[in-house]
Amino acid sequence: MKKKWSLIPEALVAGILVFFLTLTSALSSLDYMIRDRLYQIPRGIDGRIKIIGIDEHTRDVYGPLQTWSRERYAELIKVLNKNPDAKPMLIGFDILFTGNVDAGDDVFAEACRESGNVVVVEQLVYDDRMIENEEGELIRQVKNIFRPYDALYEAASTGYSNVAQDSDGIVRRVVPKEKTGSDAYDKLFAGVLYEKYCGITGTPVVEIPTDKTGRSLINYSGRPGDYEYVSMADVLEGKIDTRAFKNCVILVGAYSPGMQDNFKVPNGGSNQMYGVEIHANIFQSYLENRFAINGNTFIFGLITALIAMLLHVAFRKLKVWQSILLLVAAIGGEVAVCMLLNNIGYTFSIVYLPLVAILSFFFALAIHYVVEKARKQEVLNAFRKYVAPQIVEEISKKGEFTIKLGGENRDIAVLFVDIRGFTTMSEALEPETVVEILNEYLSLTTKSIFDNQGTLDKFVGDATMAVFNSPFDLPDYEFKAVCAAMDIVEGGEKLEKVLYERYGRSVGFGVGVNCGPAVVGNVGCEFRMDFTAIGDTVNTAARLEANAKKGQVLISDALYERVKDRVEVNEIGQIPLKGKSNGVMVYEVTKIDR
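Take the overall build of the chain next. Within the chain one finds 18 helices and 24 strands. Taken against the 2.2 N^0.38 rule, which gives 25 Å for 594 residues, the C-alpha radius of gyration of the chain at 46 Å runs more than 25% over that of a compact globule. Its C-alpha atoms give the chain principal-axis dimensions of about 135 × 50 × 40 Å. Within the chain, the proportion of its 594 residues that are buried is 48%. At a minimum sequence separation of 6, the contacts of the chain that also span at least 24 residues come to 75%. A total of about 29,800 Å² of accessible surface is found on the chain, and carbon and sulfur atoms cover 54% of it.

Quick look at the packing of helix α15 (residues 431–451) against helix α16 (residues 477–503) now. Interaxial distance between α15 and α16 falls to 9 Å at its minimum, and their mutual angle equals 155°. Relative to α16, α15 is oriented roughly antiparallel. α16 is crossed by α15, and the crossing has right-handed handedness. Two secondary-structure elements touch here, α15 through Thr433, Glu436, Ile437, Glu440, Tyr441, Leu444, Thr445, Ser448 and Ile449 and α16 through Ala484, Asp487, Ile488, Gly491, Gly492, Leu495, Glu496, Leu499, Arg502 and Tyr503.

Take unusual backbone geometry next. Here the amide bond leading from serine 470 into proline 471 is cis, since omega sits at 0°, within 30 degrees of zero. Within the secondary structure layout, proline 471 lies in the loop between β19 (463–468) and α16. Non-glycine residue asparagine 469 carries a positive phi angle of around 80°. Checked against the element boundaries, asparagine 469 lands in the loop between β19 and α16.

Turning our attention to the environment of lysine 319. Topologically, lysine 319 is positioned in the loop between α10 (297–317) and α11 (320–343). When the C-alpha positions of lysine 319 and alanine 364 are compared, they lie 10.0 Å apart, and in sequence the two are 45 residues distant.

Attention now goes to the sheet that holds strand β16 (residues 346–347). Taken together, five strands build an open sheet; the order of strands is β6-β7-β10-β15-β16 and the sheet is mixed. Each edge of the open sheet carries a strand with a single partner, namely β6 (164–165) and β16. Each of β7 (171–174), β15 (291–294) and β16 is contacted by helix α2 (residues 28–39), which is oriented at about 80° to β7, the strand it contacts most. Docked against the sheet, helix α9 (residues 275–288) engages β7, β10 (216–218) and β15, running at close to 90° with respect to β15.

This part takes up helix α5 (residues 104–115). Look at α5: 16 Å from first C-alpha to last across 12 residues, which is about the 16 Å you get at 1.5 Å a residue. Among all positions of α5, only Gly104, Asp105, Phe108, Ala109, Ala111, Cys112 and Ser115 are buried. The arc that holds every buried residue of α5, seen down its axis, measures 160°, which confines them to one face. Turned more than 90 degrees off the buried face of α5, the exposed positions are Asp106 and Glu114. Just downstream of α5 lies glycine 116, where phi reads positive at about 70°.

Before going further, it helps to spend a moment on α15. Compared with the 30 Å implied by 1.5 Å per residue over 21 residues, the 30 Å span of α15 between its first and last C-alpha is a close match. The complete set of buried residues in α15 reads Thr433, Val434, Ile437, Leu438, Tyr441, Leu442, Leu444, Thr445, Thr446, Ser448, Ile449 and Phe450. At the exit of α15 stands glutamine 453, carrying a positive phi of roughly 65°.

Below, the discussion takes up the packing of helix α7 (residues 189–201) against α9. Look at α7 against α9: their axes get within 9 Å of each other, and the N-to-C directions meet at 45°. Judged on the interaxial angle alone, α9 and α7 are oblique. In the packing of α7 onto α9, the handedness of the crossing is right-handed. In this structure, α7 uses Phe189, Ala190, Gly191, Leu193, Tyr194 and Tyr197 to contact α9, whose residues at the interface are His279, Ile282, Phe283, Tyr286 and Leu287. Split into classes, the residues belonging to the contact of α7 with α9 amount to nine nonpolar, two polar and no charged.

The next thing to look at is a nonpolar patch on the surface. A surface patch of nonpolar side chains, amounting to about 460 Å² of accessible area, comprises Leu17, Leu27, Leu30, Met33, Leu355 and Leu359. Looking at the nonpolar patch, the elements that each hand over two or more residues are α2 and α12 (352–383). Along the polypeptide, leucine 30 turns up in helix α2.

On to the pattern of salt bridges, then. The final tally for this structure, using the stated rule, is 28 salt bridges. When the shortest N-O distance is used, the salt bridge between arginine 35 and aspartate 31 registers 3.0 Å. Here arginine 35 pairs with aspartate 31, and both are found in helix α2, just four residues apart, close to one helical turn. In this structure arginine 35 comes out as buried when scored by relative accessible area, which is 10%. Residue aspartate 31 is classed as buried on the basis of its relative accessible area, which comes to 2%. Residue aspartate 166 pairs with arginine 173 through a salt bridge whose shortest N-O separation is 3.2 Å.

Where burial is concerned, most of β19 is hidden: six out of the six residues are buried. Across the two faces of β19 the burial is the same, with Ala463, Met465 and Val467 and Thr464, Ala466 and Phe468 all buried. Across six bridges, strand β17 (residues 407–420) lies against β19 in antiparallel orientation. Bridging across to β19, leucine 415 finds its partner in alanine 466. Taking the residues between adjacent antiparallel strands as the criterion, strand β18 (residues 455–460) and β19 are bridged by two residues, where glycine 461 takes a positive phi near 65°.

Glancing now at the nonpolar core. The biggest cluster of nonpolar side chains holds 46 residues, and the ones touching the most others in it are Leu415, Phe468, Val511, Val513, Val553 and Ile555. The leading source of residues in this core is α16, at 12 residues. With near-sequence residues (within four places) excluded, valine 511 lies in contact with Leu415, Phe416, Val417, Ala485, Ile488, Val489, Glu545, Ala548, Gln552, Val553 and Leu554. One finds Leu124, Val142, Tyr227 and Met273 within the second-largest nonpolar core, a separate group that totals 38 residues.

With that settled, the discussion passes to the side chain of serine 448. Mapping serine 448 onto the fold places it in helix α15. For serine 448, a relative accessible area of 5% translates into the label buried. There is a polar contact of 3.0 Å between the side chain of serine 448 and the backbone oxygen of leucine 444. If near-sequence neighbours (up to four positions away) are discounted, serine 448 is found in contact with Ala484, Asp487 and Ile488.

How each quantity is defined
- Going along each chain's sequence as written, the residues are numbered from 1 onward.
- For a predicted model such as this one, the threshold for reporting local features is a pLDDT of at least 70, and the threshold for listing and counting side-chain atom pairs is 80 or more; totals across whole chains, interfaces and linings nevertheless cover every residue.
- Neither water nor hydrogens contribute to the side-chain values; these are computed over all heavy atoms in the structure.
- Helix numbering and strand numbering both begin at the N terminus, where a helix is a DSSP run of H or I of at least 4 residues and a strand a DSSP run of E of at least 2.
- In this description the radius of gyration comes from C-alpha coordinates, and the expected globular size is given by 2.2 Å times residues to the power 0.38.
- A 1.4 Å probe rolled over the protein chains alone gives each residue an accessible area, and that area as a share of the maximum for its type sets the label: buried under 20%, exposed over 50%, partly exposed in between.
- Every residue pair with non-hydrogen atoms within 4.5 Å of one another is taken to be in contact.
- Throughout, the Shrake-Rupley method with a 1.4 Å probe supplies accessible areas, and for residues the shown protein chains are the sole cover considered.
- Only C-alpha atoms enter the line fits that serve as axes; for helices the fit covers just the stretch in contact. Angles between N-to-C directions range over 0 to 180 degrees.
- Any angle that is under 35 degrees is reported as roughly parallel, and any over 145 degrees as roughly antiparallel; angles of 65 to 115 degrees are reported as roughly perpendicular and all others as oblique.
- Left-handed describes a crossing whose near helix is turned anticlockwise from the far helix through less than a right angle; right-handed describes the clockwise counterpart.
- By this definition, two strands are paired if DSSP reports at least two bridges between them.
- Multiplying 1.5 Å by the helix residue count minus one yields the expected span of that helix.
- What the arc measures is the spread of directions leading from the helix axis to the C-beta atoms.
- Each residue is assigned to one of three groups, with Ala, Val, Leu, Ile, Met, Phe, Trp, Tyr, Cys and Pro labelled nonpolar, Asp, Glu, Lys and Arg labelled charged, and all others, Gly among them, labelled polar.
- Patches here: salt-bridge-free residues with over 30% relative accessible area, like charges joined within 9 Å, nonpolar side chains (Val, Leu, Ile, Met, Phe, Trp, Tyr) joined within 5 Å.
- Any Lys or Arg side-chain nitrogen located within 4 Å of an Asp or Glu carboxyl oxygen qualifies as a salt bridge.
- The criterion is simple. A nonpolar core is a set of buried Ala, Val, Leu, Ile, Met, Phe, Trp, Tyr and Cys residues joined through side-chain atoms within 4.5 Å.
- Throughout this description, a polar contact denotes any pair of N or O atoms lying within 3.5 Å of each other; where both atoms belong to protein, one of them has to be capable of donating a hydrogen while the other can accept it, and for residues adjacent in sequence the pair is counted only when both atoms sit in side chains.

In short, shape yes, function no, at least from these values alone.
This is the structure we're talking about:
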């Protein structure tokens, strides 16, 4: 229960972090980059929208743009309209015609009047100061307008060409209409073209949605260079069959880097897009009603915060592979939902939930690692009570914890040691004293076993059982078992003197050691298991210990054959052992050569 409640503060942190980031757009640059790649997918351009570009070729033929008479634009209109059955539907000039230049001004204005389908641009100039609008949002007011010269302003429709650049300089948004007076509004160039298109085709005008700042997100249809374009010089020189422009919307504008009318766009990569292409994209968005506005960040933040909290709890409870699948599914799900919402007109920040979810995943992974490491440390600490510390350290370094479940046949050495005179002593002394003496002797036996890298199998009353070469391989385990037995006997002699002085009682050890094959493994049932060794080798060791006198170490002939070059013994002879039909040749170890 405590663990479950401890997850609540962690989950709250994840939720609050997502909510704060969503509400403040703290990582807007990263969010823009992700949204650009996901939302601004080319959808195919409308073949009815064509561009006549004032490109390098046109400038080479007619000279710098500022030296032109506006009569040249009138000539372009006449060329496009010369075939009454193949006229374009609309002609839009993304060129600012301010002030009078020469007599060509009136010629151009008259050509626009006669054509009746021309739209030209104006330019809005904004105040540097920010003011608060009716929605409480900070905006800049229009302080001036650069309109076309008077004759052209009366002869053609106008719309402003301003587009909104985000903080990273990329054009993602437009303002469909701007307040230019107490009750007056001017409209976007592409919006004016759209309204005239609807008037010609009889299509109902659809109002473009805007956010609190009056802006809409452009869903680009094409990348830089996708729209069909021809050189203005080629059109004027008759190299282009004007029937290709029948019922099309023609946009005329700069199509050369030197004219400084190119911008960074979301789907352009390293390539910039000319202003006339941006207006073509905006016009197509009008035709297809594919604008989007910022959704309610407060509600979206709450929803994603709740999801982040649930994900965090799940990551802390699930296995790593399950968490990975959930993380991928959560990120994929959010991307799919956000793209769907964008397609129906609402755009949301997409980066914050995945970012916090990934942080939560790695946090949970780190916690899993720490907990697992602590669990393994607990196992190691438990092993230290049964296995020699050197073996535990080796396990810790290698990370090899696996002990075969069930049973396996191993060749082992088995040591049994019992306290001689313990029963008589326990009857004469207080229980607390008996336990204290017993603990002293058991500490000695345990230390001797561990010093020789043996495994403490069990305590049975005042007896101790140890095995060598189980559960892990141990080199020279037969000799180490004999060394442990001698250490017990020698240590017992010293301890005997101390205890006699303290309690007036003395006891000693009898030790039996044997080696050979045995079955080692988990013995018991599902709810209670004991890792031990069983078999004739174990039984023989126990019988040897039962026959050992105080201070005596008895070993079998099987063990003696393996260690005889390093031990000195007294031959006891063949003695009968309980449970065995034949006697066993037994030796008493008197000295060892370490």
